[in-house]
Amino acid sequence: MRQFIIRRTLYAIITLLILSLTILVFSVWLGWLPTSGQGGWQHLIMPALALGWYFAASLLRLTRSSMLEVLRSEYIKLARLKGLPGIAVIAMHAFKNALIPVLTLAGINLVIMINAGVIIEVIFAWPGIGRLLYEGIFQRDFPLVQGIVLLAGIMIVAINLMIDILYAYIDPRIRLTK
C-alpha cells in the first residue's frame, strides 16, 4: 500500500511538472498554442496530451507484452504451419486473444482518465464536470459534489459491465449466462 501511494504521488508530481512545462514551452515561449479556455482544435492539444501520455504508454506496453506471449503459443505456430499469411495469423488469431488484458486496462484507464480530468480542466480552464466539481468543493455545495461523485461511481460500474460483456464477444471461451 505504501508503494502504491508513493507511485501515485510521483505520478501526480510528474504530471503537474509536464503540464507546467508544456504550457511554458508551447504557449508562453513559442506562442503556438493557447494557454487555456475552449475554442478550436488548438485548445484541445495540450489537455489531451497531458491527460493521455501516461495511459497511452501503459496500454502500448501491455499490448506488446501480451502479443509477444500469444505469438509464442502453440496455436499460432500451428496456424503458421498451415500456411496462413502472417497478417492473417496476427489479425485473426493473435490479436483477438491478446486483447483481453488490454481491454481490462483500457477500461480501468478510462475511468481514471475521466476522474483525473478534474485537474486537467482546472489547469487549462476547460469547462466541464471536473471544473464543476472543483468549484462545488470550494463553494461547499455538498449536494452538487455528492451528485458528481455518485455519477463517477455509476460510470465505474457501467464501464466495468461493458468490458465484461465485451469479453464474451472477443473470447469465445467466455460465455454469457442467464
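Our structure's up above, just so we're on the same page.
Bear in mind that the values here come from a model prediction, so they are computed numbers and not experimental data. (Residues numbered from 1 in each chain as written. Predicted model: local features only at pLDDT ≥ 70, side-chain atom pairs only at ≥ 80, totals over all residues. Heavy atoms only, no water.)

**Looking at the overall build of the protein chain**
In plain terms, the rule: We count a stretch as a helix when DSSP gives it H or I for four or more residues in a row; a strand needs E for two or more, and each element gets its number in order from the N terminus. A radius of gyration in this sense is built from C-alpha atoms; the matching globule rule multiplies 2.2 Å by the number of residues raised to 0.38. To sort residues, take the accessible area from a 1.4 Å probe on protein chains only and compare it with the maximum for the residue type: under 20% means buried, over 50% means exposed, and anything in between is partly exposed. The contact rule is simple, with two residues in contact once any of their heavy atoms fall within 4.5 Å. Note that accessible areas follow from Shrake-Rupley with a 1.4 Å probe, and for residues the cover is restricted to the protein chains shown.
What the protein chain contains, in helices and strands, is six helices and zero strands. In terms of overall size, the protein chain is more extended than a compact globule, its C-alpha atoms giving a radius of gyration of 21 Å where 178 residues would be expected to give roughly 16 Å. Projected onto its principal axes, the C-alpha positions of the protein chain cover 65 × 50 × 40 Å. Here the protein chain holds 178 residues, and the buried ones make up 27% of them. Nonlocal contacts in the protein chain, meaning residues at least 24 apart in sequence, comprise 60% of its contacts between residues at least 6 apart. Of the roughly 12,400 Å² of accessible surface on the protein chain, 71% is carried by carbon and sulfur atoms.

**Some points on the packing of aromatic side chains**
Filter applied, for reference: Each Phe, Tyr or Trp ring, with Trp reduced to its six-membered ring, pairs with another whose centre is within 6.5 Å; inter-plane angles below 30 degrees give stacked pairs, above 60 give edge-to-face pairs, and intermediate values give tilted ones.
If you walk through the whole model with that rule in mind, you get two aromatic pairs. When the centroid spacing of 4.8 Å and the interplanar angle of 65 degrees are considered together, the rings of Y134 and F138 count as edge-to-face. Here Y134 pairs with F138, and both are found in helix α5 (residues 129-138), just four residues apart, close to one helical turn. For F138, a relative accessible area of 59% corresponds to the exposed category.

**Points about the environment of R8**
Inspection of the secondary structure puts R8 in helix α1 (residues 2-29). Given the relative accessible area of 31%, R8 is considered partly exposed. For the pair R8 and Y134, spaced 126 residues apart in the sequence, the C-alpha separation amounts to 20 Å.

**Focus: a nonpolar patch on the surface**
Test applied: Patches draw on residues past 30% relative accessible area with no salt bridge. Two like charges within 9 Å are joined, as are two nonpolar side chains (Val, Leu, Ile, Met, Phe, Trp, Tyr) within 5 Å. Counted as salt bridges are all cases of a side-chain nitrogen of Lys or Arg within 4 Å of a carboxyl oxygen of Asp or Glu.
Taken together, L17, L21, L24, F26, V28, W29, L30 and W32 make up a surface patch of nonpolar side chains, about 840 Å² in accessible area. Residue placement: L30 occurs in the loop between α1 and α2 (42-71). Under the relative-accessibility criterion, L30 is labelled partly exposed at 41%.

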